[in-house]
Amino acid sequence: MAIADIYSKRQKRANGEVPDVYTYDEIPQTLKVQIVQIFKEIFNKNNSYQIQMESASYSRCSRILCREYGVFNLVENDFNEDPKYQITISFISKISVEKALDVVETFLRVIIILNGKFSYLDPKAIEDAISEINYRFKEHGVGYRFESGQIIRIDNEIIHSEAVKPALALLHDPVFAGANDEFLKAYDHYRHKRYKETIASCNHSFESTLKIICQLNGWDITPKDGASKLIKKCFDNHLLPQYLDNQFSSVKSVLESGIPTIRNKTSGHGQGSEKTEVPEYLAQYALNLTASAIVFLVNAHKNFVPEEVSNL
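The present account deals with the structure reproduced in this document. Residue numbers restart at each chain and count upward from 1, following the sequence in its written direction. Under the rules for a predicted model, residues below a pLDDT of 70 receive no local features and side-chain atom pairs below 80 are neither given nor counted, while totals for whole chains, interfaces and linings still include all residues. With hydrogens and water set aside, each side-chain value is computed from the structure's full complement of heavy atoms.

1. What to know about the pattern of salt bridges
Part 1: Any carboxyl oxygen of Asp or Glu that lies within 4 Å of a side-chain nitrogen of Lys or Arg is treated as forming a salt bridge with it. Summed over all chains, the structure comprises 10 salt bridges.
Part 2: Here Arg153 ties to Glu280 by a salt bridge, and the two come within 2.6 Å at their closest N and O atoms. Here Glu280 lies in helix 13 (residues 280-302) and Arg153 lies in strand 2 (residues 150-153), a separation of 127 residues in the sequence.
Part 3: Residue classification places Glu280 among the partly exposed positions, given a relative accessible area of 29%.
Part 4: Asp181 is the partner of Lys185 in a salt bridge, and the nearest nitrogen-oxygen pair spans 3.5 Å. Taken together, the positions of Lys185 and Asp181, both in helix 8 (residues 177-191) and 4 residues apart, correspond to about one turn of that helix.
Part 5: The structure contains a network of salt bridges with shared partners spanning Glu132, Arg136 and Glu139. The numbering of helices and of strands both runs from the N terminus, where a helix is a DSSP run of H or I of at least 4 residues and a strand a run of E of at least 2. The buried label applies to any residue whose accessible area, calculated with a 1.4 Å probe on protein chains only, is under 20% of its type's maximum; exposed applies above 50%, and partly exposed to all values in between.

As structure tokens, then:
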């Protein structure tokens, strides 16, 4: 269904009532109802296959969430065990933001996976549903979106659009599957406030990106090589154009003193008797820095011409 620009919405914009910053600790009831309506519209029910798909999607989503939460039903003390009812009622009730996002993420993942196997739904219907859900999040000023099969948190729209989103797009290439998985894990840890794990996964993704680039270019590395050695290998082999020679030291310093250092200082080694607390803003910085570094490195790799080729 097309998003209608109704009068009340236009008036809110005119009166400056539209959110200009994102919130993360509340999902408005109106937004929840809209998401439930979007879920329903994915299934047009034009045939028996779509009816089966709807039933299977709600059933599998309910089983996954019940298993992960260690419960028999998503709605306590309710004898109606219909999966669609359980998911809908639990979602619109006063559950935590994290659990509400679990419902959105799991339901969309299940639909994508099932449709990939059976193709009962029009892929565009699923794409439109995801686009509208992301639009509704933004419309309500709620700083999350569903991207690359996962709910991610948006702390800075500019950084997200200019660094994080391009990084996800570049890593979507099957060649970078390992780095992509680790980058998405970093976001998942961040959403669940596991900030040490966020930084560790950022470093893993960064190192994996470097290793993959080195391997694709046939540069000699070992599985145990850390970020510093991998960065040196990239620079020694002139991954960047020669006319940037004067800036090599600056770029190298930024990469070496960025993600690996944050990881080493916060999550890379034993913390001893004194517990190390990682603040949220540091995890956020690590995510953004990792995204920027990945975009920089992968684009450099895609535009790289080996010296033996350039001299022909």
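2. Side note on the nonpolar core
Part 1: By nonpolar core is meant a set of buried Ala, Val, Leu, Ile, Met, Phe, Trp, Tyr and Cys residues that side-chain atoms within 4.5 Å join together. With 45 residues, the main nonpolar core has Phe183, Phe206, Leu210, Trp219, Leu239 and Leu287 as its most contacted residues.
Part 2: At the level of secondary structure, the elements contributing two or more residues to this core comprise helix 7 (157-171), helix 8, helix 9 (195-216), helix 10 (227-236), helix 12 (259-266) and helix 13.
Part 3: The leading source of residues in this core is helix 13, at 11 residues.
Part 4: Core analysis: the second largest hydrophobic core is formed by 37 residues, Phe43, Val103, Leu108 and Val142 among them.

3. What to know about the packing of aromatic side chains
Part 1: Within 6.5 Å between ring centres, the rings of Phe, Tyr and Trp (the latter by its six-membered ring) count as paired, and their orientation is classed by plane angle as stacked under 30 degrees, edge-to-face over 60, tilted in between. Scanning the model with the defined rule gives 10 aromatic pairs in all.
Part 2: Both rings, one in Tyr58 and one in Phe107, keep their centres 4.7 Å apart while their planes meet at 45°; by these two values the pair is tilted. You can see Tyr58 sitting in helix 3 (residues 48-69) and its partner Phe107 sitting in helix 5 (residues 97-118), a full 49 residues away along the chain.
Part 3: Judged by centre distance (5.5 Å) and plane angle (25°), the rings of Phe118 and Tyr120 are stacked.
Part 4: Taking the relative accessible area as the measure of exposure, Phe118 reaches 44% and is therefore partly exposed.
Part 5: An aromatic cluster is defined as three or more aromatic residues linked by ring pairs; in this entry it consists of Phe39, Phe43, Tyr58 and Phe107.
Part 6: One Lys or Arg, Lys32, reaches over the ring of Phe91 and ends 5.9 Å from the middle of that ring.
Part 7: Cation placement over rings: the criterion is NZ of Lys or CZ of Arg within 6 Å of the ring centroid and within 35° of the ring normal. Positioned over the ring face of Tyr69 is Lys99, at 4.6 Å from the centre of the ring.

4. Quick look at the layout of surface pockets
Part 1: Estimates place the volume of the second largest pocket at around 260 Å³.
Part 2: Throughout, the protein atoms alone are placed on a 1 Å grid, and a set of points is a cavity if a 1.4 Å probe fits but cannot get out or a pocket if it is open with protein on both sides within 12 Å along at least five of seven lines; lining residues have an atom within 4 Å of a point. Taken together, 13 residues line the second largest pocket, and the ones lying closest to its centre are Ile64, Glu68, Glu105, Thr106 and Arg109.
Part 3: Listed by contribution, the elements that provide at least two residues to the lining of the second largest pocket are helix 3, helix 5 and helix 8.
Part 4: If one sorts the elements of the lining of the second largest pocket by residue count, helix 5 sits on top with 6 residues.
Part 5: Three classes are used: nonpolar for Ala, Val, Leu, Ile, Met, Phe, Trp, Tyr, Cys and Pro, charged for Asp, Glu, Lys and Arg, and polar for all others, with Gly counted as polar. Partitioning the lining of the second largest pocket into residue classes produces 5 nonpolar, 2 polar and 6 charged. Grid points are joined across faces, edges and corners, and a volume is the space filled by probe spheres set on the points.

5. Considerations on unusual backbone geometry
Part 1: Phi at Ser148 is positive, roughly 55°, even though this residue is not glycine.
Part 2: Take Ser148: it is sitting in the loop between strand 1 (144-147) and strand 2.
Part 3: Within the chain, His238 stands out as a residue other than glycine whose phi angle is a positive 55°.
Part 4: In this structure His238 comes out as partly exposed when scored by relative accessible area, which is 27%.

6. Remarks on the packing of helix 5 against helix 6 (residues 123-139)
Each pair of packed helices can be summarised by the angle the axes make with each other and by the distance between the axes.
Part 1: Axis lines are fitted to C-alpha atoms, over the contacting stretch for helices. Their N-to-C directions set the angle, which ranges from 0 to 180 degrees. It is the contact of helix 5 with helix 6, at a shortest axis distance of 11 Å, that shows an interaxial angle of 165°. Comparing the axis directions of helix 5 and helix 6 gives the class roughly antiparallel. Remark: the crossing between helix 5 and helix 6 carries left-handed chirality. For the pair formed by helix 5 and helix 6, the contact residues are Leu101, Val104, Leu108, Ile111, Ile112 and Asn115 on the first element and Pro123, Ile126, Ile130, Ile133 and Phe137 on the second. When an angle is under 35 degrees it counts as roughly parallel; over 145 it counts as roughly antiparallel; between 65 and 115 it counts as roughly perpendicular; any other value is oblique. By convention, the crossing between two helices is left-handed when the near helix turns anticlockwise from the far helix through less than a right angle, and right-handed when the turn is clockwise. Note on contacts: a residue pair is in contact if any heavy atoms of the two residues lie within 4.5 Å.

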